[in-house]
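# Structural characterization, general
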Amino acid sequence: MQAKLIPVDGGASFTITRDVTVVGRSRELCELAIQQVSVSKLQCLIAKTDGLLFIRDLASTNGTKVNGQRVTRGALLPGDELAFASVKYRVHLGPSVPGEEEEEVVGVDEETVEINTQDRPEEDFEPADSAHSKSDVRLLSDDSAAS
């Protein structure tokens, strides 16, 4: 299974190859380093397991959103929009296509990919009111996860 994050605003996509990918601003700690001040040093984790992607926000300041709804954790589906502060990606999940060329992403080293978003405007960030959201993302409470 191939899992990719494709930037909504264009640019090179990020292929998720590891079982756990750390996303954030820290070049030293993150596999996907996004250089924008509104992104936390440690924004979230993306876990890849059995053909599925799961995310867990790491108490980031401006939040991690799926389809516009701020989430603490949840599953990602193909076509979902995943946003780290104001940086937005479209989730691609599907079979690897033999002979398909991977887009080249320039990284700090072979373990970290750095995305520079300095030219993007800052936005005001408010927690989403999940009670009024029209998103179909389901959030799990700590009680239901233990069952």
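If you're wondering where the values come from, they're calculated on a predicted model, not measured in any experiment.

### Concerning the overall build of the protein chain
Counting its secondary structure elements, the protein chain contains one helix and 13 strands. Mapped in sequence order, the helices and strands of the protein chain form the string β-β-β-β-β-β-β-β-β-β-β-β-β-α. Counting only residues that meet the buried cut, the protein chain has 41% of its 147 residues in that class. In the protein chain, the proportion of contacts linking residues at least 24 apart, taken out of those at least 6 apart, comes to 50%. For the protein chain, the exposed area adds up to about 8600 Å²; of that, 49% sits on carbon and sulfur atoms.

### Here's the deal with the packing of aromatic side chains
Under the defined criterion, the tally for this structure stands at one aromatic pair. Relative to Tyr89, the ring of Phe84 lies with its centre 5.8 Å away and its plane at 55°, an arrangement referred to as tilted. The class for Phe84 is buried, based on a relative accessible area of 0%. What makes Tyr89 buried here is its relative accessible area of 2%.

### Structural notes on the sheet that holds strand S8 (residues 69-71)
In spatial order, the strands read S2-S1-S11-S10-S7-S8; together these six strands make up an open sheet with antiparallel pairing. At either end of the open sheet lies a strand with only one pairing partner, and these are strand S2 (14-16) and S8. With strand direction ignored, the average angle separating the axes of adjacent strands in the sheet is 30°. Of the pairings in the sheet, the one linking strand S1 (residues 2-7) to strand S11 (residues 87-94) comprises six bridges and is antiparallel in character. Residue Pro7 lies in a different strand from S11, and its bridge partner there is Tyr89.

### Looking at the pattern of salt bridges
This structure, assessed with the given rule, holds two salt bridges. Put simply, Glu31 and Arg18 hold a salt bridge, and the shortest N to O gap is 2.7 Å. One end of the pair, Glu31, is in the loop between strand S3 (20-24) and strand S4 (32-35); the other, Arg18, is in the loop between S2 and S3, with 13 residues separating them in the sequence. Note that Arg90 is salt-bridged to Glu81, the shortest N-O span being 3.7 Å. A relative accessible area of 19% means that Glu81 is categorised as buried.

### Some details on the environment of Val39
Here Val39 lies in the loop between S4 and strand S5 (44-49). Classification of Val39 by relative accessible area gives buried; the value is 1%. Each C-alpha atom of the pair Val39 and Ala85 lies 5.7 Å from the other, and the pair is 46 residues apart in sequence.

### Comments concerning a nonpolar patch on the surface
Where nonpolar side chains cluster on the molecular surface, the patch consists of Leu29, Leu42 and Leu58 and spans about 240 Å² of accessible area. Within the secondary structure layout, Leu42 lies in the loop between S4 and S5.

### With respect to the side chain of Lys48
Note that Lys48 resides in strand S5. Buried and unpaired, Lys48 has no salt bridge, with Asp19 as the nearest side chain of opposite charge at 6.7 Å. Among the polar contacts made by the side chain of Lys48, one reaches the main-chain carbonyl oxygen of Ile16 at a distance of 3.2 Å. Those residues in contact with Lys48 that sit more than four places away from it in its chain are Met1, Ile16, Thr17, Arg18, Asp19 and Leu53.

Basis of the calculations
Residues numbered from 1 in each chain as written. Predicted model: local features only at pLDDT ≥ 70, side-chain atom pairs only at ≥ 80, totals over all residues. Heavy atoms only, no water. Helix = DSSP H or I, 4+ residues; strand = E, 2+ residues; numbered from the N terminus. Buried < 20%, exposed > 50% of the residue type's maximum accessible area, 1.4 Å probe, protein only. Contact = heavy atoms within 4.5 Å. Areas by Shrake-Rupley, 256 points an atom, 1.4 Å probe, with all protein chains shown as cover. Phe/Tyr/Trp six-rings, centres within 6.5 Å; stacked < 30°, edge-to-face > 60°. Pairing = 2+ DSSP bridges. Axes fitted to C-alpha atoms, helices over the stretch in contact; angles between N-to-C directions. Salt bridge = Lys/Arg side-chain N within 4 Å of Asp/Glu carboxyl O. Patch = residues over 30% accessible without salt bridge, like charges linked within 9 Å, V, L, I, M, F, W, Y side chains within 5 Å. Lys, Arg positive; Asp, Glu negative; His and termini not counted. Polar contact = N/O pair within 3.5 Å; in protein donor to acceptor, adjacent residues only side chain to side chain.

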